[in-house]
Amino acid sequence: MAASSFSAAADAIVIASKIDTEGALLGNMMVMLLRAHGIAADNRLQLGPTQIVRQAMLAGLVDLYPEYTGNGAIFFARESDPAWHDAAQAYALVKQLDHDKNNITWLAAAPADNSWAIALRRDVAQAQRLTSLADFARYANSGGSVKLAASAEFVDSPGALPAFAKAYGFKLARGQLLTLIGGNTSATERAAAEAISGVNAAMAYTTDGALAVLQLQLLADDKHAQTVYQPAPVIRGSVLAQHPEIEGILDPVFRSLTLEHLQQLNAKIAAEGDAPAVVAAEYLRANGFLK
Amino acid sequence: MMPRNRVVFVLSLFAFAACIFAGFLTIAPNRLASGQSLTLWQLGGIPGAALTGACVALLALSFVPIARGVEYIVLGLAIAVFVFQLFAAGFLATGSLTSAPHGTRVSLGWAFWTTGFCLAMIAIDALQRLNAGTLARLAALAIIVAATALITSGGWFDGLSLMREYQTRQDEFAAALGRHCLLVAVAVFLAVIIGAPLGLYVARGPQRSAGTFGVLNMLQTIPSVALFGLLIAPLSALGIGGIGAVPAIIALVLYSLLPVVRNTEAGISGVDRGVIDAARGMGLTPAQILWRIELPLGMPIFLAGLRIVAVQAIGLAIVAALIGAGGLGSFVFQGIGQYATDLVLLGALPTIALALAADFILALLAGFFERSPS
Amino acid sequence: MIELDHISKNYGARDSVSDVSFKVEQGAFCAIVGPSGSGKSTTLRMINRLIEPSAGTIRINGEDVAALPLEALRRRIGYAIQSVGLFPHWNVADNIATVPRLLKWPEERVQQRIDELLALLQLDPAIRTKFPHQLSGGQQQRIGVARALAADPEVLLMDEPFGALDPITRETARTELSRIHKSTGKTILFVTHDIDEALGLADKIALLRNGRLVQFGPPIELLTRPADEFVRDFMGGSSLGLKLLALRQVRERMKPEPASGEPIAPETSLAEALSQMVLRRTSRLPVGGTGGSANGSIALSDLVG
C-alpha cells in the first residue's frame, strides 16, 4: 500500500482518488481488483481535491480514478444543461464529451446518486411527518422552525440551495441559516445532530456514512433539482486499450454499489474509523468479487 | 506573602485549575459525535488526586526562596508529573472503554494539553535557572522521549482514539512520515545549494541585493496552495512527472530561498572589515579567505537561517498533501474532511515533533560555532 | 630597501596619490605622515598591492612588486592595521601562526616561533590559548604585531596601529616598537597622523598633503628646514622649537662647569632638561655620569645653542 516512488513504474497503472472517504473506498476497491487480476497498480489514493486529480489525469500522470458524472458540468462548462439532472442523460453526456475531447473513457457507474441534499433531524422529521423536500418546503413556508447549517458555497452556488429553493418554492431567511466557511458535510451534520445553535437541518451528501449514525433523515429530491453525481471509474483511453479487461473487472462491482451499500460502507469508515482498505476488502470478499 | 518564582506560580496555578475544571478526556459514542467532556475528578481515582496534588506541590514550591536545590526538585517533579500524566491519560482511557459499547472513542481534552504545556514550561524554566548545559537538556528530553516510547510500546495508549487512528493505518503513517521527511530534506538541501552561492554573490556586490531580494520577497507573498497547484501543468508539459512531489519540492525550495540567501549574505557581510583587510594583507588567497575566515565566521548567522528554513519547510510540507505529494498533511486533510480531530492530530502532532526536533538539533549545531563572537 | 618611483593612484577624476617618490634604506624606520585624506594609507597599501597604482613602480630590493605573484609578495611583508583584525574564531597561537603555516613551515618551527614572539613582545605564554575577545585592547594590538612579524619578513607595513589605544598604552606600545625595531633591524613603514609619534620613532619622515609628497627627510631636517609654511605648521608651528628640543640630548650641549643638585642623565632630552630647570627654578643643571657623580652641567643658554 505504501507508494514510495515519485513516479509510477513503467507498466503499472496509476490509480488515484480525491481526499475523501468515498474516494478512498472506491479507489481501494479498484487497486485490489486490478492487482487480484494480475495487473500492476500504483496506489496514489487521497491525491488531492477534484481539480488536482483531474489535471493530473489530463496530464497523463494518473491513469484511473473514481469521478462523479455531474462534475462534467464544470469540466466542460455546461452548467445550465438540463441533462445533468437526469442520471442516464448525465452519464451519456459526460461519457461522450470526455471520449471525444480527451480520449478518456467512463466505465459503468454505480446506481447511487451522491449529490447535495438536505438532511433533517430524525425527531423533527418524524414529528412533522416530513420525508421529501416538498414536505420540507410546506413546513418552512407555514412558519415551521428551521435552521439549516450549510457551507457558504452551498448557500450561494446557483446549483445548490438556490436550485432547491426554486424547484420547491421555499425561501430561508438569513436567521434560518448557519453558514460555515469550508464545505464540510461532517461539520454541518454534527451541528444538526447536536442541535448546536438551534440547528436542526444540515447540508449533506446522499451517500454520507454519518447520516444513519447521527440520526439524520435525508429529504427526497423528487423533482430532481440537483445535478446527478454518480460515481464511475474514469480511465485514460490509451490505458484501457492496453488493458481492455479492466472494464470487465470493474463493471460488476460498481453496478452492485447501491445508495444503501455506499452509505453503510462510508459509515464504517467515518463512524467506526475502520481503514478504507479493510472496508473495501470486506465488501469485495463478501460479494464474491475477491477470493 | 508573594511567590518567589512567579513563572512557576502562574503555570502551576493554571495547571491546577485545568485539573479541577477542564475536561481531561472526552468520551464519544462514535467517531463522529462530539462526546462528553470529563474532568479528572469525574474520571475518578488515584490519577486525578495524584496530578492535582502534584500541581499543588509545584504551587507551594513557587513560594520557597529560589535556590539550586529547589530548582532541581522543581525540575524533577515537573518531568515526573509530565510522564505520569501521559501514563494517566492512557490508563484512564483504557479504563473508560472497559464497559463501553463498540465504537466508543476517547480523546484527549483541554486539561491534558494545558497541564502538559504548563509542566513543560516549568521544566524549561527550571533548566534555565540552573544554567543547564546542552547535556542536561538532552538528558531531560531523553527521559521524556524514552518514557513516551515505553508507555506506547506497553500498549498503554491503545485506549485513545488517536492511537486507534494510527493503528488502522500504520503502513500509511510510516509512508507519510517518510515522505514528509524526504520532501523537507530534499527541499532544504536544494535551497542551500542554490541559496548559499546566491547569498555569497549578493554579499560580494551590495548593489545586487535590491533586485535579488525583491524577487525573493515577492515569492514569499504568493499563497502556498496557489504556488503548489500552479506548478503541476507546466512541469508535466516539460515531461517532469511525479504527481505532486516534484512541484511540492520546487515550491518548498522557492519559499526556503529567502531565509537562506538573506542569512548567508548577512553572515558574510557581517564579518569585520578589518579582519578581511588583515587577511588579504597577510597573503591569504580569496579562496582561503572564503573558506577559512568568512564561512566559519558567518556560520552562526547562516545556521540561524537554516533553523528557520527547516521549521518553515516542515510546516509548509503539510500543504503539499493537497497536490498529491503525500506526507503528514494527508492525515490533516482527511481528518478535516471527516471531522475526525484525532486523525488531524495524527498528522499534526508528528509534524510539531519534527519541527521541534529540527529546531533543537540545529540550535545545537549553531552552538558549536558560537565559541567566540565576531 | 624600498623604492617608490613616481607612484600615482586616481579614482576616476579624483587623484588620491600624485607622483610620490622616495627611498627607504634597509633597516630604516620611515613614518608617512600627513593630514586626513592626504593619501598616506593608500600609499602604504600600494606597497603590498592591496591597492594597485595607476602609474609608477614600487621596488623592494630592486624587484618590481608588480611582477611578483601577489600572495607570495604579501607573505613576505608584515602587515599591521589599526583595527588589528585578529581572527576571532582562532586562538592567539593560531592567529600568530597564520603566515608561517601558509608558507608551510614545519609545525615544530611554528610553535618555536610563537614562543619567540611572545617573549619579544613581553607577553605571558599562557596567552597562547586565549581568544581575541578575551584580550584587552593593548594585548590584541601586541598580538597583531607578533602576527605581522611571525614569518620574519624584511619589511613591516603598519597603518596607524596604535590609533585605537588609550594614550598610556600607546606610549608603551611606541617604546616597545622602537625596541623591536632596534633589535630586529627590520625596515618599517609606519603611517600616522600624529607628528609627535612620528618624531619619536622615525629615521625618515615622508610628509604628504593632498596626495603629493611635500617633504622627505630625517626629522631634524623637517623641523629646522621646513620646505614651506604647511610643513612648518604641521611640524608644530609655533612649538617647533620645543619639538627640536625633544629631539636632541643633553650630552650634545653640556659643558664641564659644575652645578649643584641632583644630576640628570646625559641621554635626557633637552626638552626634559628645560622642564627640570623650570621645576627646580634654576638655570643650570648638573649632568651625571654613571654612579650618581656629576661630570658637567647644562645651562639654559646651552639649550638655545
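## Topic: the overall build of chain A
Check the secondary structure of chain A and you find 14 helices and ten strands. Taken over the C-alpha trace, chain A has a radius of gyration of 20 Å; the compact-globule value for 291 residues is 19 Å, and the two agree within 12%. The principal-axis extents of the C-alpha atoms in chain A amount to approximately 60 × 40 × 30 Å. Taking all 291 residues of chain A together, the buried fraction comes to 57%. Taking the contacts inside chain A whose residues are at least 6 apart along the sequence as the reference set, 74% of them involve residues at least 24 apart.

## Some thoughts on the overall build of chain B
Check the secondary structure of chain B and you find 16 helices and three strands. Projecting the C-alpha coordinates of chain B onto the three principal axes gives extents of approximately 75 × 60 × 30 Å. Across the 374 residues in chain B, those meeting the buried criterion constitute 49%. Considering only contacts in chain B between residues 6 or more positions apart, those separated by 24 or more positions represent 76%. Roughly 16,300 Å² of accessible area belongs to chain B as shown, and the carbon and sulfur atoms make up 73% of that amount.

## Things to note about the environment of G298 of chain B
For G298 of chain B, the location among the structural elements is in helix α14 (residues 286-316). Sequence separation between G298 of chain B and R68 of chain B is 230 residues; the distance between their C-alpha atoms is 36 Å.

## Looking at the sheet that holds strand β1 (residues 25-28) of chain B
The strands that make up a sheet are held in pairs by hydrogen bonds between backbone atoms, and each pair lies either parallel or antiparallel. Residue and element names in this part refer to chain B. Strand order in this open sheet of three strands is β2-β1-β3, and the pairing throughout is antiparallel. Strands at the two margins of the open sheet, each flanked by one partner only, are β2 (36-38) and β3 (105-108). Strand after strand, the sheet turns through a mean of 25° between neighbouring axes, direction not considered.

## Side note on the interface of chain B and chain C
Residue-level contacts link 21 residues of chain B with 23 residues of chain C. Of the roughly 1,900 Å² buried between chain B and chain C on both sides combined, carbon and sulfur atoms contribute 63%. In this assembly, chain B and chain C are joined by one salt bridge. Here R45 of chain C and D277 of chain B are joined by a salt bridge, their closest N and O atoms 2.9 Å apart. Along the contact surface separating chain B from chain C lie seven residue pairs in polar contact (both at pLDDT 80 or more). For the side of chain B that touches chain C, the secondary-structure elements that each account for two or more residues are α13 (273-282) and α14 of chain B. The element contributing the most residues to the side of chain B that touches chain C is α13 of chain B, with eight residues. In terms of residue class, the side of chain B that touches chain C is built from ten nonpolar, seven polar and four charged.

## Remarks on unusual backbone geometry
Note on backbone geometry: most residues besides glycine have negative phi, and most peptide bonds are trans. The residue A77 of chain A is not glycine, and still its phi comes out positive at about 50°. Residue position: A77 of chain A is located in the loop between α3 (72-75) and α4 (87-102). A77 of chain A sits in the exposed class, given a relative accessible area of 59%. The phi dihedral of R49 of chain C is positive, around 60°, even though this residue is not glycine. For R49 of chain C, a relative accessible area of 13% gives the class buried.

## A word on the nonpolar core
I96, I143, I205 and M235 of chain C are the most contacted members of the largest nonpolar core, which totals 63 residues. Ranked by residue count, the leading element in this core is helix α6 (residues 137-149) of chain C, at five residues.

## A word on the domain arrangement of chain A
Frequently, the measure chosen for interface size is the accessible area removed from exposure when the parts meet. Residue and element names in this part refer to chain A. Split into domains, chain A comes out as domain 1 (2-112 + 232-286) and domain 2 (116-218). The C-alpha centroid of domain 2 is placed 29 Å from the C-alpha centroid of domain 1. Across the boundary between the two partners, domain 1 contributes eight residues, which contact seven residues of domain 2. Both sides of the domain 1 and domain 2 interface together cover about 500 Å² of buried area, and 65% of this is carbon and sulfur. For the pair domain 1 and domain 2, the interface holds zero salt bridges. On the surface where domain 1 and domain 2 come into contact, there are three residue pairs in polar contact (both at pLDDT 80 or more). Ranked by residue count, the leading element in the side of domain 1 that touches domain 2 is helix α13 (residues 259-270), at five residues.

## Here's the deal with the packing of aromatic side chains
Summed over the entire model, instances satisfying the criterion amount to 18 aromatic pairs over all chains. Judged by centre distance (6.0 Å) and plane angle (70°), the rings of F24 of chain B and F112 of chain B are edge-to-face. Of this pair, F24 of chain B sits in the loop between α1 (6-21) and β1 while F112 of chain B sits in helix α5 (residues 110-129), placing them 88 residues apart in sequence. A relative accessible area of 0% means that F24 of chain B is categorised as buried. Consider the rings of F22 of chain C and F216 of chain C, whose centres lie 5.0 Å apart with planes at 25°: the pair is stacked. One end of the pair, F22 of chain C, is in strand β2 (residues 14-24); the other, F216 of chain C, is in strand β10 (residues 212-217), and 194 residues separate them in sequence. A relative accessible area of 5% means that F22 of chain C is categorised as buried.

## Observations concerning the packing of helix α1 (residues 21-36) of chain A against helix α14 (residues 276-286) of chain A
Residue and element names in this part refer to chain A. With their axes 8 Å apart at the nearest point, α1 and α14 run at an angle of 60° to one another. With respect to α14, the element α1 is oriented oblique. Crossing of α1 over α14 shows right-handed handedness. Contact residues: α1 offers A24, L25, N28, M29, M32 and L33, while α14 offers P276, A277, V279, A280, A281, Y283 and L284. Across the contact of α1 with α14, the residue classes tally to twelve nonpolar, one polar and no charged.

## Observations regarding the interface of chain B and chain A
In this assembly, 33 residues from chain B lie in contact with 37 residues from chain A. With both chains or domains summed, chain B and chain A bury close to 3,000 Å², and 60% of this area falls on carbon and sulfur atoms. Broken down residue by residue, the surface that chain B buries against chain A is led by L32, I243 and Y339 of chain B, which jointly contribute 23%. On the surface where chain B and chain A come into contact, there are zero salt bridges. Remark: the boundary between chain B and chain A carries eleven residue pairs in polar contact (both at pLDDT 80 or more). Looking at the side of chain B that touches chain A, the elements with two or more residues in it are α8 (170-204), α11 (232-237), α12 (245-269) and α15 (329-338) of chain B. No other element matches the five residues that α15 of chain B contributes to the side of chain B that touches chain A. When the residues that make up the side of chain B that touches chain A are grouped by side-chain class, the tally is 15 nonpolar, twelve polar and six charged.

Calculation criteria
Positions within a chain are numbered from 1, following the residues in the order the chain's sequence is written. Each chain is given a letter, starting from A, and each ligand a number, starting from 1, according to the order in which they appear as written. In view of the model being predicted, local features appear only for residues whose pLDDT reaches at least 70, and side-chain atom pairs are presented and counted only at 80 or more, with totals across whole chains, interfaces and linings using the full set of residues. The side-chain numbers reported here are obtained from all heavy atoms of the structure, hydrogens and water having been left aside. Each helix is a run of H or I in the DSSP string that is no shorter than four residues. Each strand is a run of E no shorter than two, and both are numbered from the N terminus. This radius of gyration counts C-alpha atoms alone. The globule rule is 2.2 Å times how many residues there are, raised to the power 0.38. Relative accessibility decides the category of a residue: with a 1.4 Å probe and only protein chains considered, values under 20% of the type maximum give buried, values over 50% give exposed, and everything between is partly exposed. Note on contacts: a residue pair qualifies if any of its non-hydrogen atoms lie within 4.5 Å across the two residues. With residues, only the protein chains shown are counted as cover, and all accessible areas are computed by Shrake-Rupley using a 1.4 Å probe. Note on pairing: DSSP must find at least two bridges between two strands before they are called paired. To define axes, lines are fitted to C-alpha atoms, for helices over the stretch in contact only, and angles between the resulting N-to-C directions are given on a 0 to 180 degree scale. A simple way to read buried area is as the amount of 1.4 Å-probe accessible surface that goes missing from two parts once joined, with both sides added. What counts as a salt bridge is simple: a side-chain nitrogen of Lys or Arg found within 4 Å of a carboxyl oxygen of Asp or Glu. N or O atoms within 3.5 Å of each other form a polar contact, as long as, within protein, one can give a hydrogen and the other can take it, and as long as residues adjacent in sequence are counted only when both atoms are side-chain atoms. All residues other than Ala, Val, Leu, Ile, Met, Phe, Trp, Tyr, Cys, Pro, Asp, Glu, Lys and Arg, Gly among them, are scored as polar; the first ten of these are nonpolar and the last four charged. Throughout this description, the term nonpolar core refers to a set of buried Ala, Val, Leu, Ile, Met, Phe, Trp, Tyr and Cys residues connected via side-chain atoms within 4.5 Å. Domain segmentation is taken from an automatic or database assignment of domains. Aromatic pairs are defined between Phe, Tyr and Trp rings, using the six-membered ring for Trp, whenever the two ring centres lie within 6.5 Å; interplanar angles under 30 degrees are classed as stacked, those over 60 as edge-to-face, and all others as tilted. The cut-offs work like this: below 35 degrees is roughly parallel, past 145 is roughly antiparallel, 65 to 115 is roughly perpendicular, and the gaps in between are oblique. If you view the pair so one helix is near and one far, a crossing is left-handed when the near helix is turned anticlockwise from the far one by less than a right angle, and right-handed when it is turned clockwise.

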